[in-house]
Amino acid sequence: MIFDIVFIGAGASSLMAASLLKNHSIALVDSSSKIAPKIKISGGGRCNFTNKIISSDNFLGDKELLDKTFKSYDNSDLLKFFKKYNLEYNLKDNQKYFCKNSSSDILDIFSKQIRHCSLFLNHTVMDVEFDRCFIVETDKKTTIKAKKLVVASGGLSYASLGASDIGYKIAKKFGHTIKTTSPALVGFTLQKEQFWMKNLSGISCRVALHVEDEIFIDDLLFAHKGISGPAVLNASLYWRRGVVSIDFLPKVNVVKLLEKKSKKQISSLLPLPKRFVKEYLKSINLDDVAIDRLSKSQKEKLYELNHYIFAPAGNFGYTKAEVTKGGIDTNDINHLSFESSLQKNLYFIGEVLDVTGELGGYNLQWAFSSAVVMSKNMECDK
Ligand SMILES: Cc1cc2nc3c(=O)[nH]c(=O)nc-3n(C[C@H](O)[C@H](O)[C@H](O)COP(=O)(O)OP(=O)(O)OC[C@H]3O[C@@H](n4cnc5c(N)ncnc54)[C@H](O)[C@@H]3O)c2cc1C
């Protein structure tokens, strides 16, 4: 049998596209034993599927492609889609949309919407050939043939959930360029000078984190192996191996605070967790003395709390990264149909492309939006 369309991956973007393409014979091939394992664990099990404000400014990638795609299908369209299937959801921090109960609710919706598809789960795609039609080869020695091939195999993060480089391999085979990939939305590891932070594992504080031209005002979480939390994860998207600057007291001007005469000890005056102050003071060789006893140079060391500059050693890698930065160059993708401009009937959607969003539901919105735009175009083509 030759299917109309074969999807590599049964993740977020494939499920959305397949559920819209009802009048086609479809094969969904995934190495996992269940559909969309990333949706299941996303947003801490409640899937942050979109954001109140969707803009190309929240993404790395081709702004024109992003704007065009969101103009065709944005957050309000996605909310309408889920409302139609009675998904219960909540708005968190007046910004992020999460499932009210569990991300399984989204998987249940898609499971019902893809009943017309043939599912090849536990099938790892090894290679693809083209000989009048696409021939997908799997580890089970099955070959699946189709007129159209949609590569929706996602990025490299979380190999434990089925991630692989197959999308990039196929793209290269058909002449596409891959923009350098790296882990993103991931914690930073530290240089020796910042090892004092490791003693704060479990503590979090609100910071303003400056990286390149971006500022993220959000929580920073001190972790066993480095720093994490929303501010750091977002910073990792823009970080290019240079320095970052952390304002540990974004609402307090430390210079002004220390101008006043005070008998209070440093740890009592600074509105920061006591454990943090203790470790910070140790790292700058300063005792927890009264403010009145501080010398000018000692005060200057404390001013750095408003702009603590350092270069992260690296990041926690693909095993912990929520997404992969980089991917298939979108210059060789038709921006209206997501079809390859190098090979007819070959399509790429979702995270496998060189488009990466910030934390907050942006990556799933991209996966869904690119899928819808491609599907609508395929329907028009039929
Ligand atoms: C822990 C975690 C939490 C996240 N939380 C959020 C969140 O709350 N909000 C948000 O917007 N984004 C979140 N993301 C990111 C989001 O899940 C992805 O960006 C999104 O799922 C990408 O959709 P996709 O369809 O492109 O790829 P995926 O959903 O990753 O689907 C790709 C599929 O391809 C399959 N595959 C890969 N290689 C092969 C192969 N060789 N053979 C067969 N199948 C293969 C995989 O098993 C997978 O099922 C999170 C990611 C992680 C890892």
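The paragraphs below set out a description of the structure included in this document. (Residues numbered from 1 in each chain as written. Predicted model: local features only at pLDDT ≥ 70, side-chain atom pairs only at ≥ 80, totals over all residues. Heavy atoms only, no water.)

## Some remarks on the packing of aromatic side chains
Enumeration over the complete set of coordinates arrives at 29 aromatic pairs. Measuring from ring centre to ring centre gives 4.8 Å for F248 and F276, while their planes differ by 55°; the resulting arrangement is tilted. In this pair, F248 sits in the loop between β16 (244-247) and α8 (254-259) while F276 sits in helix α10 (residues 274-283), placing the two residues 28 residues apart along the sequence. What makes F248 buried here is its relative accessible area of 1%. Accessibility expressed as a relative area gives 0% for F276, which makes it buried. Here the aromatic cluster, defined as three or more aromatic residues joined through ring pairs, consists of F49, F81, F82, Y85, Y89, Y97, F110 and F368. (Phe/Tyr/Trp six-rings, centres within 6.5 Å; stacked < 30°, edge-to-face > 60°. Helix = DSSP H or I, 4+ residues; strand = E, 2+ residues; numbered from the N terminus. Buried < 20%, exposed > 50% of the residue type's maximum accessible area, 1.4 Å probe, protein only.)

## Some words on unusual backbone geometry
In most cases, non-glycine residues show a negative phi, while peptide bonds are predominantly trans. The backbone of C47 shows a phi angle near 45°, a positive value even though the residue is not glycine. With respect to the helices, strands and loops of the structure, C47 is situated in the loop between α2 (37-41) and β3 (48-51). Given a relative accessible area of 1%, C47 falls into the buried group. At R241, a position not held by glycine, the phi torsion is positive, near 65°. Here R241 shows up in the loop between α7 (230-238) and β16.

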